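Observations on the three-dimensional arrangement
Listed here are the chains, written in short residue letters.
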Amino acid sequence: MKDLLAVNVCFFWLATVARAIPTSNVTSTGQLLPMVINTWPYSVANEEAWRILNRKKGGVGQTRDAVVGGISKCERLQCRKAVGYGGNPDERGDVSLDALLMDGSTMEVGAVGDLRRVKSAIKVARHVLEHTHHTLLVGEGAGDFANAMGFQTESLNTPETTEMLQNYTAHNCQPNFWRNVYPDPKSACGPYKPLTSWDKEDGTGNHDIGPDNHDTITMAAIDVEGKIHVGTSTNGLRYTLPGRVGDAPLPGSGAYADNEVGAAITTGDGDTLMRFLPSILAVEAMRAGKTPAEAANSAIQRIRAHTNSFDGAIIAVDRSGMYSAACHGMRTSANQFSYMISSPANPTMPTRKETIKCTSGINKSASPEQEVIW
């Protein structure tokens, strides 16, 4: 009888432990670092970053090169046409790029926005970090800086972007990002003029985020010493107004890293995400003692408390390599979000894709006052 009781207690203990360990962090080696993690199933970027990270044991001193190298490969291969040249054009048919690189040791950032004549946005961002005292360069000035640093001037447009623009104008410039103007932007192209009065409850339109529109790559690399770099790159949403800059080059929104705590990376509707700075929200939540799962979820819930409809995802990872993801919307991805991770946690599959289900609808129960984390 005592033996049977002991067996039952053992099974109960094992079951309790199994429920307590997030499946994404179950390991057969007990080792979580070094690691590379990035938004969306961009396996080529993750594999390249992982290769670079492992040039030295434990990835020590390689996190910056890994992030830049992995994202650069995605830019060259035009991952899903959402990264790099020849992707989503603005409403005039031109492609521009945003990118960021952040060092979690020094908290230094290099970023570019609305970069129009250079294909390697993440490398230009690295030059901003390493060769200036600035954080963000935009527009024509960013292009001039890139040229001065030796980057080649070349068009980001392709025959495919020309075809996109033709299709856009043929369908009365739908969808677009205008509101409170005339002629009615829901049924006609511009030029537009501002209305003197309008319905304050009028929405901003429906702009689906996912494989058919906008998949920013954001990436974090951590070595065995807990040193972190994060990076981002995107060609933005399709048919935006010229000059629009999304959340990708904004530290605290598209990505954020602090070696003392961890990192967070995001993707989705940048115009919404940048209003809430979800990456720094998640990092500060972890600093306050929340787990990566709690931190990622709290950042998403903060946005849901205010916004009827948005598409977004966030990955939070602490300095030890524990990680979790949360997402909302992603209608064109069947309300799912996939991401890539490479680590020694699973020796038989060091590089793997993981997928989570996303929430939907507004969360009126999430009070911002109850979500304060610092």
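Thresholds applied
Residues numbered from 1 in each chain as written. Predicted model: local features only at pLDDT ≥ 70, side-chain atom pairs only at ≥ 80, totals over all residues. Heavy atoms only, no water. Helix = DSSP H or I, 4+ residues; strand = E, 2+ residues; numbered from the N terminus. Buried < 20%, exposed > 50% of the residue type's maximum accessible area, 1.4 Å probe, protein only. Contact = heavy atoms within 4.5 Å. Areas by Shrake-Rupley, 256 points an atom, 1.4 Å probe, with all protein chains shown as cover. Disulfide = S-S within 2.5 Å.

**A short note on the overall build of the protein**
Helix and strand counts for the protein come out as 9 helices and 14 strands. Across the 374 residues of the protein, 53% fall into the buried class. Excluding contacts between residues fewer than 6 apart, the proportion of contacts in the protein whose partners are at least 24 apart in sequence is 65%. Working note: accessible area of the protein is about 16,900 Å², and carbon and sulfur atoms make up 53% of it.

**Points about the state of the cysteines**
This model, assessed by the stated rule, comprises 3 disulfides. Disulfide partner of C74: C79, at an S-S distance of 2.1 Å. Its torsion about the S-S bond being -120°, the disulfide of C74 and C79 is classed as left-handed. Take C74: its relative accessible area is 0%, and that puts it in the buried class. Relative accessible area serves as the criterion here: at 7%, C79 is assigned to the buried category. Between the sulfur of C327 and that of C358 lies a disulfide, 2.0 Å long from S to S. Here the disulfide of C327 and C358 is left-handed, its torsion about the S-S bond being about -105°. Separated by 31 residues along the polypeptide, C327 in strand β12 (residues 323-328) and C358 in the segment after β14 (351-357) bring together distant segments of the chain.

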